[in-house]
Every structure is written in structure tokens, then in C-alpha cells.
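Chain by chain, the residues:
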Amino acid sequence: MKRRDFPILNQTIDPKRLVYLDSAATTQKPASVIEALSSYYLNDNANVHRAQHTLATRATAAYEGARKRIQKFIGAESDTEIIFTHGATESINTLARSFCKTLAPGDAVLLSEMEHHSNLIPWQLAAAERGVKLRFIPFTEKGELEYDALERLWDGRVRIVAVTHISNVFGTINDVGRIVDF
């Protein structure tokens, strides 16, 4: 995708080209997405999995077709592994609520000190409800993760690692591959 694919970015404000940096709150859409949404609302607008009429059948087929395309794209074993949510915050909350049911007192969740509230609050709630320990990878004065801290934070009680790939606080791009390989 290129800038020109996003119609909203083709405007000028105070006479500079619009730059939009609040993508965590609202992501701007490329023309292809706008066209697909417009086509859906013009031709197939109906509830998915709720009726037998033509519009609902087409909407359901498109919805399930998207699930299958995503499955293939990410290499999931089954399309039932694909869960649609409204955004990252809802996704993290869904994961935290469901995964934390499997945790026992003393289990640990490993986060970083640069997490956005959307990836902190759900784990804090789980910690309070289940007796789970939260551990935090610190960051340096340069706003980079202290990867060496993994040695002391990681043990047999860590059940999940939930760290930001790109920090909206510092703009740091974290080496999640290094954490995965640890």
C-alpha cells in the first residue's frame, strides 16, 4: 500500500499535506477497503448467520470466505481459529479473559514497561482475579527494551508473553523475534 491508496491523505491542511499518526485510535482506510464496504452496504447488507434470505446468504458467504482467506494467509490449521473483533483492545481483552481461566495462582504474565493500557489493564484484572503475577521487561533511557532482563524474568511460571511490537509511547520497534527465540 502506498499513501496514494488512502483518499483521506490526499488533502492539505494549513497548507501542508495531511499526516495522520493516530492509527491506534482510528486507522485510515485505503480506497479498496472503502469500495468493498460501499459495495457491501449497497448490495449485501444483512446480518451474518441470522437468516436464510438472499442478502444474508451472500453476507454470510463473504464473511466466511474472508475467514478462510485469512486462515490461508497466516497459516492457521483451521478457519475456526480466526476470530473477528472490533480492534486490538477488544482482541486483547478477549484473549486475556479466556486465557486467564487456565492460569493458577503464582503463574506469570510477562509484559514490558512500555505497554499501552489496552495491553496492561486486562492482565492487571487477571492478576487480581486469579493471583497471577505480572512481570515487566524494563526499558533503557533510549526507550529500548532491556532484553538481558529476560534471563531473570523468565522461568517455568511464565504462561504468556504479551509485549508491544511497536511502542506508541516511544516509537520503538521491539525485536519480538528475540523474545520469541528466548
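Please refer to the structure higher up on the page.
This structure is a prediction, so every number in the text was calculated from the model and none was measured.

Chemist: Would you explain a nonpolar patch on the surface in this entry?
Modeler: Among the surface-exposed residues, Ile70, Phe73, Ile74 and Phe84 lie close enough to one another that they form a single nonpolar patch of about 430 Å² accessible area. Along the polypeptide, Phe73 turns up in helix H2 (residues 54-74). On the basis of relative accessible area, Phe73 is assigned to the exposed category, the value being 74%.

Chemist: How do you make sense of the nonpolar core when you look at a structure like this?
Modeler: Taken as a class, soluble globular proteins show a tendency for nonpolar side chains to be buried jointly. Of all hydrophobic cores here, the largest spans 13 residues; its most connected members are Cys100, Leu103, Val109, Leu111, Trp123 and Val132. Those elements that place two or more of their residues in this core are helix H3 (88-99), strand S3 (108-112) and helix H4 (121-130). Ranked by residues supplied to this core, first place goes to H4 with three residues. Those residues in contact with Trp123, other than ones at most four positions away along the chain, are Ile92, Leu95, Ala96, Cys100, Val109, Leu111, Leu134, Ile160 and Ala162.

Chemist: How should I be thinking about the side chain of Glu115 in this particular structure?
Modeler: Mapped onto the fold, Glu115 is located in the loop between S3 and H4. An unpaired buried charge is present at Glu115: no salt bridge exists, and Arg152, the closest side chain of opposite charge, is 14 Å distant.

Chemist: Would you mind going over the sheet that holds strand S4 (residues 133-137) with me for this structure?
Modeler: Sheets are built from strands that pair by backbone hydrogen bonding, the pairs being arranged parallel or antiparallel. Ordered by their spatial adjacency, three strands build an open sheet running S4-S3-S5, and the pairing between neighbours is parallel. This sheet does not close on itself; its edge strands, each paired only once, are S4 and strand S5 (158-161). Adjacent strand axes in the sheet meet at a mean angle of 30°, parallel and antiparallel pairs treated alike. In this structure, S3 lies alongside S4, joined through five bridges in parallel fashion. Looking at S4, one finds that Leu111 is bridged to Phe136.

Chemist: How should the packing of aromatic side chains be read in this particular structure?
Modeler: Here the distance between the centres and the angle between the planes together describe a pair of aromatic rings. Using the criterion set out here, one finds four aromatic pairs in the structure. Taking the centre distance of 5.1 Å and the plane angle of 70° together, the rings of Tyr40 and Tyr41 count as edge-to-face. Residue class for Tyr41 comes out exposed when judged on its relative accessible area of 55%. Ring geometry for Trp154 versus Phe182: centroids 6.1 Å apart, planes at 75°, classification edge-to-face.

Thresholds applied
Residues numbered from 1 in each chain as written. Predicted model: local features only at pLDDT ≥ 70, side-chain atom pairs only at ≥ 80, totals over all residues. Heavy atoms only, no water. Patch = residues over 30% accessible without salt bridge, like charges linked within 9 Å, V, L, I, M, F, W, Y side chains within 5 Å. Areas by Shrake-Rupley, 256 points an atom, 1.4 Å probe, with all protein chains shown as cover. Salt bridge = Lys/Arg side-chain N within 4 Å of Asp/Glu carboxyl O. Helix = DSSP H or I, 4+ residues; strand = E, 2+ residues; numbered from the N terminus. Buried < 20%, exposed > 50% of the residue type's maximum accessible area, 1.4 Å probe, protein only. Core = buried A, V, L, I, M, F, W, Y, C linked by side-chain atoms within 4.5 Å. Contact = heavy atoms within 4.5 Å. Lys, Arg positive; Asp, Glu negative; His and termini not counted. Pairing = 2+ DSSP bridges. Axes fitted to C-alpha atoms, helices over the stretch in contact; angles between N-to-C directions. Phe/Tyr/Trp six-rings, centres within 6.5 Å; stacked < 30°, edge-to-face > 60°.

Take it as geometry only, folks, not as evidence of what the structure does.
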